[in-house]
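Descriptive analysis of the structure
Okay, here's what each chain looks like letter by letter:
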Amino acid sequence: MSPRDRILDTYGLFAREYGGPIAVGGLIALMRELGIDAQAVRSSASRMKRSGLLVPERVDGKAGYALSADGREILEAGDQRIFGNGARRNDASWLLVLFSIPETERRKRYLIRSRLARLGFAPGPAASWIAPASLLAEARTMLKRSELDDYVSFFEGEFRADANSEHIAASAWDLDLINKLYGEYLTAQRPISESWVASPGGDRDAFVAHMNNISAWRPLPYADPGLPRSVTPPDWLAEQAREVFMRLHRQLRPGAHRFYLETLDAAARR
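Residues numbered from 1 in each chain as written. Predicted model: local features only at pLDDT ≥ 70, side-chain atom pairs only at ≥ 80, totals over all residues. Heavy atoms only, no water.

Here's the deal with the packing of helix H1 (residues 3–18) against helix H2 (residues 24–32)
For any two helices packed against each other, one specifies the inter-axial angle together with the distance between the axes. Packing of H1 against H2 brings their axes to within 11 Å, and their N-to-C directions diverge by 110 degrees. Considering their axes alone, H1 and H2 lie roughly perpendicular with respect to each other. Handedness of the H1/H2 crossing: right-handed. Counting all contacts with H1, which are made through Arg 6, Ile 7 and Thr 10, the residues of H2 involved are Leu 27, Leu 30 and Met 31. In the contact of H1 with H2, the residues fall into four nonpolar, one polar and one charged. (Axes fitted to C-alpha atoms, helices over the stretch in contact; angles between N-to-C directions. Helix = DSSP H or I, 4+ residues; strand = E, 2+ residues; numbered from the N terminus. Parallel < 35°, antiparallel > 145°, perpendicular 65-115°, else oblique. Left-handed = near helix turned anticlockwise from the far one by under 90°. Contact = heavy atoms within 4.5 Å. Nonpolar A, V, L, I, M, F, W, Y, C, P; charged D, E, K, R; others polar.)

Below, the structure is given as structure tokens:
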């Protein structure tokens, strides 16, 4: 994972809960545990400030950063996807997206496609884009933030006619690849959860494993945007993987938070 992603995860998993900024020294101390050196932390934080994710804020007289309003909004949107419980996987309704872009603004066509793809949409029939209907609010918010919402129309419903939704989903998403990614996640993270039950590690180990767990899981809810059970194969591993993710999250969180607070406190005393 890039230093930027690790820093953003730190704000998302820890800093938001305590409602304040992180001093640069504390951020460096935390990132050191993940193998990221001080220069990379400073450079990444500076770029995140320029991009509007962080804002400078002093902590006990020392330089630091807090989340910007945009950064907080992005993390909150990510929470819904990453920690959502997949409750709508029995919902067979779909979202169909159409957009019309004047030739003079054709670059926006690429922007809309790239942003929809980032949310897990896939190209559908007749130049449309499709996704489970549960993504409607997230897609609207993202397109409005990008000032692209005026070009887009959303339709929600069920597939009819000769083609069934299972066939369309298998054509639009690489189901074998997505299931392979779930399997790789389980292979890497399930043993950690099982070993933590038998012999919990220390707070530092919990922090590192907690950060690694979120990094390993984050791409999966975007690769699989909540595809309903009716269109996925019988051996679909989504629910097993989500169960392991949430169990490991609960196991690691207390120790990880203790380590976070202790590390910031130690850095502040230097």
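Quick word on helix H5 (residues 107–119)
Taking 1.5 Å per residue as the helical rise, H5 with its 13 residues ought to reach 18 Å, and the 19 Å between its terminal C-alpha atoms agrees with that figure. Of the residues making up H5, those classed as buried are Leu 111, Ile 112, Arg 115, Leu 116 and Leu 119. Along the long axis of H5, the arc covered by the buried residues comes to 125 degrees, so they all point the same way. Exposed side of H5, more than 90 degrees from the buried face: Arg 107, Tyr 110 and Arg 118 are the residues found there. The secondary structure elements touched by the buried residues of H5 are helix H4 (69–82), strand E4 (94–99), strand E6 (129–132), helix H6 (136–145), strand E7 (152–157) and helix H10 (220–223). (Expected span 1.5 Å × (residues − 1). Buried < 20%, exposed > 50% of the residue type's maximum accessible area, 1.4 Å probe, protein only. Arc of directions from axis to C-beta.)

Side note on the sheet that holds E6
Reading across the sheet, the four strands line up as E5-E6-E4-E7 and stay open at both edges, with antiparallel pairing between neighbours. In this open sheet, the two edge strands, each paired with only one partner strand, are strand E5 (122–123) and E7. Judged from the two bridges that link them, E5 and E6 form a sheet pairing that is antiparallel. Bridge pairing in E6 places Ala 122 opposite Ile 130. Across the sheet, H5 is in contact with E4, E6 and E7; its angle to E4 comes to roughly 165 degrees. Contacts from H6 reach E4 and E7, with the element oriented near 180 degrees to E7. (Pairing = 2+ DSSP bridges.)

Comments concerning the environment of Leu 135
Considering the arrangement of structural elements, one finds Leu 135 in the loop between E6 and H6. For Leu 135 and Val 244, which are 109 residues apart along the polypeptide, the C-alpha to C-alpha distance reads 23 Å. Excluding anything up to four places from it in sequence, Leu 135 contacts Arg 81, Leu 95, Leu 119, Phe 121 and Pro 225.

Considering the environment of Leu 13
Secondary-structure assignment places Leu 13 in helix H1. Given the relative accessible area of 13%, Leu 13 is considered buried. Sequence-distant contacts of Leu 13, that is, excluding residues within four places in its chain, are made with Phe 83, His 210, Met 211, Ile 214, His 249 and His 257.

Here's the deal with the confidence of the model for the protein chain
Averaged over every residue, the pLDDT of the protein chain is 90; the share at 70 or more is 95%. When pLDDT is averaged over each element of the protein chain, helix H9 (residues 203–217) comes out on top at 97 and helix H7 (residues 165–172) at the bottom at 77. (pLDDT = per-residue confidence, 0-100.)

Description of H1
Taking 1.5 Å of rise per residue, 16 residues should cover 22 Å, and H1 covers 22 Å from first to last C-alpha, within 8% of that figure. Along its length, H1 reaches its greatest deviation from straightness, about 40 degrees, at Gly 12. For H1, the full list of buried residues reads Arg 6, Ile 7, Leu 8, Asp 9, Thr 10, Tyr 11, Gly 12, Leu 13, Phe 14, Ala 15 and Arg 16. Just downstream of H1 lies Gly 19, where phi reads positive at about 70 degrees. (Bend = angle between axes of the 7 residues up to and from the residue.)

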